[in-house]
Amino acid sequence: MPAGSIDAELFNARVPNGRRWLLWFLYKVLWRTVFGVVIGLRYVWAKTSHPDGPVIYIANHNSHLDAMSLMTIVPSHRIHLTHSVAAQDFFGRSGFRSWSMKNLVNAVLISRTKEERDVDPIELLDAMLRQGHSLILFPEGTRGVPGVMADFKRGVGHLASRHPDIPVIPVYLDGLYRNLPKGRTMIVPFGGTLVMGDPLLFPTGTTIDAITDKAQSAIASMAMDLKNENKLPPTDSP
Amino acid sequence: MNKLIEVWDVNAEVQWVILIILCILVFSSVAWNTWNFLKPGKLVKELLVRTRSWWVMCACFIVTTLAHPAVTHIGLAFLSFALLREMYPLLKLDQRERNVVLLCYAVIPVQYTLAYLGMTTLFLAFIPVFMFVVIPFLLVIRGETQGIVRSIGLMPYSLVAWVYGMSHLALLFHLPEIPGFTAGPQGLLLYLIFLVGINDVLQFGWGKTIGQRAVLPKVSPNKTWEGLIGGVLSVTLIAVALRFLTPLEAWEAAITGFCVAVAGFMGDAIASGIKRDLGIKNSGNAIPGHGGYLDRLDGFSAAAAPFFHLIYFFGVTAAG
């Protein structure tokens, strides 16, 4: 198998049984406890049940904790098939980083710039979805300004338009950036909320831009609902 | 007093109070379910959710109280931690002060370890004397003084209100030997939990049934004079009736019950004021029907320290 081909990358993404149990323990037991008991993350579940097959999770991105919290909502039997999509130039910088991203986070690293890549990332992710893997995407592309959602990149549109049968699950993450802001290494518990939206399905023929816009507005409206949820009524009303 | 279950390694008084708690829970569950069956409505739905949460809370409290004292200490420390964690994001502390916030969290294990080791003097001084100076100093040496008055006020306040007060319950395990007192620290702990819980329930109940005039109309429109007075009087009577859990005489138990009820009301009112200023209804969503940890524990954390000192005064100091 020639190095740098899609087949080689796919072979790379396969998870041996031992690592599968490690991932299950890390995310469904360890991180779930950390999020629930220490950080105090509140989970707001979707009204519909989780789809069975491959899905694309999309979420807003402000902190390294985001990918960890998304892994904890993946059903146990699919944890080894779910990959966060991360930037090669940041996470592949040192041997230790790329090793832990592969073995402990189960991430796929893609390059953000056109010059240095052998494989088109969209082709690779497309092939992974076809093979039954799930993906975790942060369509903002970077962690950005705390608490502010940037415009979505079109990757999620490309993938969803090629796979009309694969649902897109929007997830809104509120306040996780306070626990571990950009540029810090120490987690200080500050709480937060994870809102899981209902799966979105885009019929064949929906344009890439339409999908990207719909995905972004789905997450924006979840953010709005959460903001209005715990408002105090004015004093003069009984 | 005889044990209900002879083989169970828990003293008779505690067994009886657990039976009483169970009876109240069963009675209210049956009552609300019957009411809901006959005439469904919004109020009874809320009561059902609240009662379900009371079942879970009582189970947690009783199991943690009866376990090894170390487990009880850890349980209380967790409650303090949950309160801080719930309030810090709401209080909108400056993100650049997060190292000091981390220190505030670190105070919790230290305070409860001091309690566990029985180092009472240091325990009593650690937060209000040492941390009261150290935390503002750490905020100051950051070199950024804009908005610092707010943080200097909030952080020591949060520690005194939600860690220092609550940790006095752990100190109940280190009371000196009191002659003729058999219920033990577990009995005292359940006595306070029972009084504060029933205080909230009765003030709510009296307020809903005969409440007319609001005590604090601008802070918390739901608290009425009728609810307050009815609650305080009933809790005083209940405190006298349950005094087998304490080393107290009837009149001492009456004073204790009265103070616990009033302190519970005060804690509740303070929390309402804080929440109103922050523009939120509930401090969180951790307990269905009740809100967050602070919504449930506000009275409890305010009543804990007065309760400890009353028990100490009547049981140890006054008894000679």
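For the structure, check the block above.
Residues numbered from 1 in each chain as written. Chains lettered and ligands numbered in written order. Predicted model: local features only at pLDDT ≥ 70, side-chain atom pairs only at ≥ 80, totals over all residues. Heavy atoms only, no water.

Enquirer: Would you take a moment to explain the overall build of chain B for this structure?
Expert: The helix and strand inventory of chain B stands at ten helices and two strands. Taking 2.2 N^0.38 as the reference for a compact globule, 320 residues should give roughly 20 Å; the C-alpha atoms of chain B span a radius of gyration of 20 Å, in line with that estimate. Along the first, second and third principal axes, the C-alpha atoms of chain B reach 60 × 50 × 30 Å. Looking at chain B as a whole, 50% of its 320 residues qualify as buried. If you sum the accessible surface of chain B, you get close to 15000 Å²; carbon and sulfur atoms cover 70% of it. Side-chain charges in chain B split into 21 positive and 17 negative, and the spacing between the mean points of these groups amounts to 12 Å. (Helix = DSSP H or I, 4+ residues; strand = E, 2+ residues; numbered from the N terminus. Rg over C-alpha atoms; globule rule 2.2 N^0.38 Å. Buried < 20%, exposed > 50% of the residue type's maximum accessible area, 1.4 Å probe, protein only. Areas by Shrake-Rupley, 256 points an atom, 1.4 Å probe, with all protein chains shown as cover. Lys, Arg positive; Asp, Glu negative; His and termini not counted. Charge placed at Lys NZ, Arg CZ, Asp CG, Glu CD.)

Enquirer: Teacher, can you tell me more about the pattern of salt bridges here?
Expert: Two side chains bearing opposite charge may form a pair once their charged atoms approach each other closely. Residues and elements named next belong to chain A. Under the criterion given, the structure shown has ten salt bridges over all chains. Residue Arg162 is joined to Glu123 by a salt bridge in which the shortest nitrogen-to-oxygen separation is 3.5 Å. Separated by 39 residues along the polypeptide, Arg162 in helix 7 (residues 155-162) and Glu123 in helix 6 (residues 121-130) bring together distant segments of the chain. Residue Glu123 is classed as partly exposed on the basis of its relative accessible area of 32%. Notably, a salt bridge pairs Asp209 with Arg154, separated by 2.8 Å at the nearest N-O pair. Linking Asp209 in helix 9 (residues 208-229) with Arg154 in the loop between strand 5 (134-137) and helix 7, this pair joins segments that are 55 residues apart in sequence. We classify Asp209 as partly exposed; its relative accessible area is 41%. Overlapping salt bridges, with partners in common, bring together Glu123, Asp126, Arg130 and Arg162 in one network. (Salt bridge = Lys/Arg side-chain N within 4 Å of Asp/Glu carboxyl O.)

Enquirer: Can you help me understand the sheet that holds strand 2 (residues 56-59) of chain A in this one?
Expert: To summarise the sheet geometry, strands pair through backbone hydrogen bonds and adopt either a parallel or an antiparallel arrangement. Residues and elements named next belong to chain A. With mixed pairing, the seven strands of this open sheet are ordered in space as 1-7-6-2-5-3-4. At either end of the open sheet lies a strand with only one pairing partner, and these are strand 1 (41-44) and strand 4 (108-110). Shown here is a sheet whose adjacent strand axes are inclined to one another by a mean of 25 degrees, direction ignored. With three bridges connecting them, strand 3 (residues 82-87) and strand 5 associate as parallel partners. Counted as the bridge partner of His83 is Leu135 from strand 5. (Pairing = 2+ DSSP bridges. Axes fitted to C-alpha atoms, helices over the stretch in contact; angles between N-to-C directions.)

Enquirer: What is the right way to read helix 10 (residues 293-317) of chain B from this model?
Expert: Since the α-helix advances by 3.6 residues per turn, residues separated by three or four positions end up pointing in the same direction. Residues and elements named next belong to chain B. Given a rise of 1.5 Å per residue, 25 residues ought to cover 36 Å, and the 34 Å separating the end C-alpha atoms of helix 10 matches this to within 8%. The largest bend in helix 10 comes to about 35 degrees, at Ala304, with the proline Pro306 one to four residues further on. Burial of helix 10 is extensive: 19 of the 25 residues sit out of reach of the surface. (Expected span 1.5 Å × (residues − 1). Bend = angle between axes of the 7 residues up to and from the residue.)

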